[in-house]
Amino acid sequence: MQFFPRKTEPEMGFHWFAQSVDKAVCLGIFSGTGQGSFSPKNKLTRAQFVKVLANLSGQDVSGYEFGDDIPAFEDVSSSAYYYHELAWAVRAGIVTPDS
């Protein structure tokens, strides 16, 4: 029985994890790896990790910015798609930039 509408690509077919992925996508935890794809064999990136944690927190992270009270990652520009989520994760003490 499928509890959530199918949101992922047919590439997943009937893998044992397909229903769980559909649920995570419907709940807004994951959004895929771009252009409607889901890449279960890829490693989770730093960007994906902080996006998932921010999504799970349920907080509005759009106001989080790097600055005097939140140290920045030198390799992340303010236009990065996960910029606000990363700033939130730093502020929450989940991740820290390398010195």
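Conventions we followed
Residues numbered from 1 in each chain as written. Predicted model: local features only at pLDDT ≥ 70, side-chain atom pairs only at ≥ 80, totals over all residues. Heavy atoms only, no water. Core = buried A, V, L, I, M, F, W, Y, C linked by side-chain atoms within 4.5 Å. Buried < 20%, exposed > 50% of the residue type's maximum accessible area, 1.4 Å probe, protein only. Contact = heavy atoms within 4.5 Å. Helix = DSSP H or I, 4+ residues; strand = E, 2+ residues; numbered from the N terminus. pLDDT = per-residue confidence, 0-100. Salt bridge = Lys/Arg side-chain N within 4 Å of Asp/Glu carboxyl O. Axes fitted to C-alpha atoms, helices over the stretch in contact; angles between N-to-C directions. Parallel < 35°, antiparallel > 145°, perpendicular 65-115°, else oblique. Nonpolar A, V, L, I, M, F, W, Y, C, P; charged D, E, K, R; others polar.

Grouped together as the largest cluster of nonpolar side chains are 16 residues, with contacts concentrated most on Phe66, Phe73, Leu86 and Val95. The contact partners of Leu86, leaving out residues within four places of it in the chain, are Arg46, Val50, Phe66, Phe73, Val76 and Val95.

Attention now moves to helix α3 (residues 83-91). Among the 9 residues of α3, 7 are classified as buried, and the element is accordingly described as predominantly covered. Listed in full, the buried residues belonging to α3 are Tyr83, Glu85, Leu86, Ala87, Trp88, Ala89 and Val90. Buried-residue contacts for α3 involve α2 (46-57). Immediately downstream of α3, the backbone of Gly93 shows phi near 80 degrees, a positive value.

Time to look at the confidence of the model for the chain. Scored by pLDDT, the chain has a mean of 81; 83% of the residues are at 70 or more. Across the chain, α3 holds the top mean pLDDT of 95, while helix α1 (residues 18-26) sits lowest at 79.

Looking now at the environment of Ile29. Examined against the element boundaries, Ile29 turns out to sit in the loop between α1 and α2. When the C-alpha positions of Ile29 and Leu53 are compared, they lie 8.1 Å apart, and in sequence the two are 24 residues distant. Contact partners of Ile29, with chain neighbours within four places excluded, come to Ala24, Val52, Asn55 and Leu56.

Moving on, we get to the pattern of salt bridges. Applying the stated criterion across every chain, the model contains 3 salt bridges. Between Asp69 and Arg91 there is a salt bridge, with its nearest N and O atoms 3.1 Å apart. On the criterion of sequence distance, the pair formed by Asp69 in the loop between α2 and α3 and Arg91 in helix α3 is long-range, its members being 22 residues apart. For Asp69, a relative accessible area of 49% corresponds to the partly exposed category. Among the residues examined, Arg91 registers a relative accessible area of 47% and is labelled partly exposed.

Attention shifts here to the packing of α2 against α3. Two elements in contact, α2 and α3, have axes separated by 9 Å at closest approach and are oriented at 75 degrees. One way to sum up the angle between α2 and α3 is to call them roughly perpendicular. Across from Arg46, Val50, Lys51, Leu53, Ala54 and Ser57 in α2, the residues of α3 making contact are Glu85, Leu86, Trp88 and Ala89. For the contact of α2 with α3, the residue count by class is 6 nonpolar, 1 polar and 3 charged.

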